[in-house]
Amino acid sequence: MKGTMISLKLIFAVCLFSQLAQATLDVFSILPECAALNIIKSTNSSFLNAYEFSIVNLRFSTSSPPEAIIYPKNAHDVSLAVVCSNLAKYTIRVRSGGHSYEAVAGAGATLGQLYYQIALKTSTLGFPAGVCPTVGLGGHISGGGLGPLGRKYGMAADHVQEIQIVTASGLILTCSSTRNADLFWALRGGGGGNFGIVVQFTLNLVDVPPAVTVGVLAAPFAYAIPLFKGYQSWISQNFNKDLTTKVFMDGSIIMMEVAFLGNRSQALTELSTSPFGSLITDQNLIETNWSGAVYAYAANFNLSVPVSMLMERFDSDKNSFHASSDFISKPLTDEGINTMIQSLASASYGGYSYIILDGHVNGQ
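A brief look at the structure comes next. (Residues numbered from 1 in each chain as written. Predicted model: local features only at pLDDT ≥ 70, side-chain atom pairs only at ≥ 80, totals over all residues. Heavy atoms only, no water.)

1. Observations regarding the state of the cysteines
Logical step 1: Considering all chains together, one arrives at one disulfide under this definition.
Logical step 2: One disulfide bridge connects cysteine 34 with cysteine 84, the sulfur atoms lying 1.9 Å from each other. Every disulfide takes its handedness from the sign of the S-S torsion; for cysteine 34 and cysteine 84 that torsion is -90 degrees, giving left-handed. Highlighted residues: cysteine 34 in helix α2 (residues 32-35) and cysteine 84 in helix α4 (residues 75-87), separated in sequence by 50 residues.
Logical step 3: Residue cysteine 84 is classed as buried on the basis of its relative accessible area of 1%. (Disulfide = S-S within 2.5 Å. Helix = DSSP H or I, 4+ residues; strand = E, 2+ residues; numbered from the N terminus. Buried < 20%, exposed > 50% of the residue type's maximum accessible area, 1.4 Å probe, protein only.)

2. Thoughts on the pattern of salt bridges
Logical step 1: Per the counting criterion, the structure on display carries four salt bridges.
Logical step 2: The closest approach of N and O atoms between aspartate 334 and lysine 229, which form a salt bridge, is 3.9 Å. You can see aspartate 334 sitting in helix α12 (residues 334-346) and its partner lysine 229 sitting in helix α9 (residues 224-237), a full 105 residues away along the chain.
Logical step 3: Assessed through its relative accessible area of 29%, lysine 229 is described here as partly exposed.
Logical step 4: Two residues, glutamate 257 and lysine 246, come together in a salt bridge whose shortest N-O distance is 3.6 Å. Of this pair, glutamate 257 sits in strand β13 (residues 253-260) while lysine 246 sits in strand β12 (residues 243-249); the two residues are eleven residues apart in sequence, bridging distant segments of the chain. (Salt bridge = Lys/Arg side-chain N within 4 Å of Asp/Glu carboxyl O.)

3. A word on α12
Logical step 1: The terminal C-alpha atoms of α12, which comprises 13 residues, lie 18 Å apart, in line with the 18 Å expected from a rise of 1.5 Å per residue.
Logical step 2: Taken residue by residue, α12 has Ile337, Met340, Ile341 and Leu344 as its buried positions. All buried residues of α12 lie within an arc of 90 degrees about the axis, which places them on one face of the element. Turned more than 90 degrees away from the buried face of α12, the exposed residues are Glu335, Gln342 and Ser346.
Logical step 3: Close packing links the buried residues of α12 with α9, β12 and β15 (354-357). (Expected span 1.5 Å × (residues − 1). Arc of directions from axis to C-beta. Contact = heavy atoms within 4.5 Å.)

Here you go:
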């Protein structure tokens, strides 16, 4: 069934408006087409709830709010929102899952919603993307989209067949390898919001085996230096496309998350040479299917949480933070590892954390 497609209309977009010197909301009252849009002005009693609903980083809940929020129902509404905003001299920001902290990503359905809909139909097809269920597809795919299927299948952007967008002038365009091909190329990795507002993706699904093994192997932070040094050496020599790992550490813990496309027995063999291998128990490495693996990741391996949580757009675990990322092309030196570990050890709990991905994508 390789190559099976799924089409997602990203009609849950939220357009945010920032006031300019000569901006006015009168256009949204005077012109019938603009007035028909579902718009919540900043003077409305429900505005604050609407504005803060999808904010993930609370640092931005206190920043200058927009003058209004528009909830488009379809691509035509998005086009109208752009045209009306241009006439009213407003700039536009688009919020989807809220994980683009400055609200500049594409719009629409979340990863959790996509995975849930796939799981309703099959357990042997998946989509190679991330595992945080409240991340919006528009920004995730537009930025590339890394996830636990990345070693075998590459990034989410590699599996897009067609994209529909609304341009800065309000035009609705369909982009593929044969239509608006340059724009199609740019939209798959060029970043959300840079070339237009994505309103629909047609995605190619990929084959996944009936059995998938996932787990979290954790140790006290006191073991961080030998474990991470061992991990860095081990992962640089492990090129199995069916295995994806990442390491998380803060001042209290170091742990390796595992996703293996195969049964538990095969995973045990693969992990036997890992520095985290001795930490495996019956409870922290479980065999399931791909849908179950995605759910386990999303639920932080708390399997008592209902599977329907994948459909939830609201993220209740919110705080204020700053995050950044980078790539390295060669292993960290002992001095670099020691500096990284010491920075965590000297910070107050929750002050710093590192997430290290294994770096292999599509067999590279």
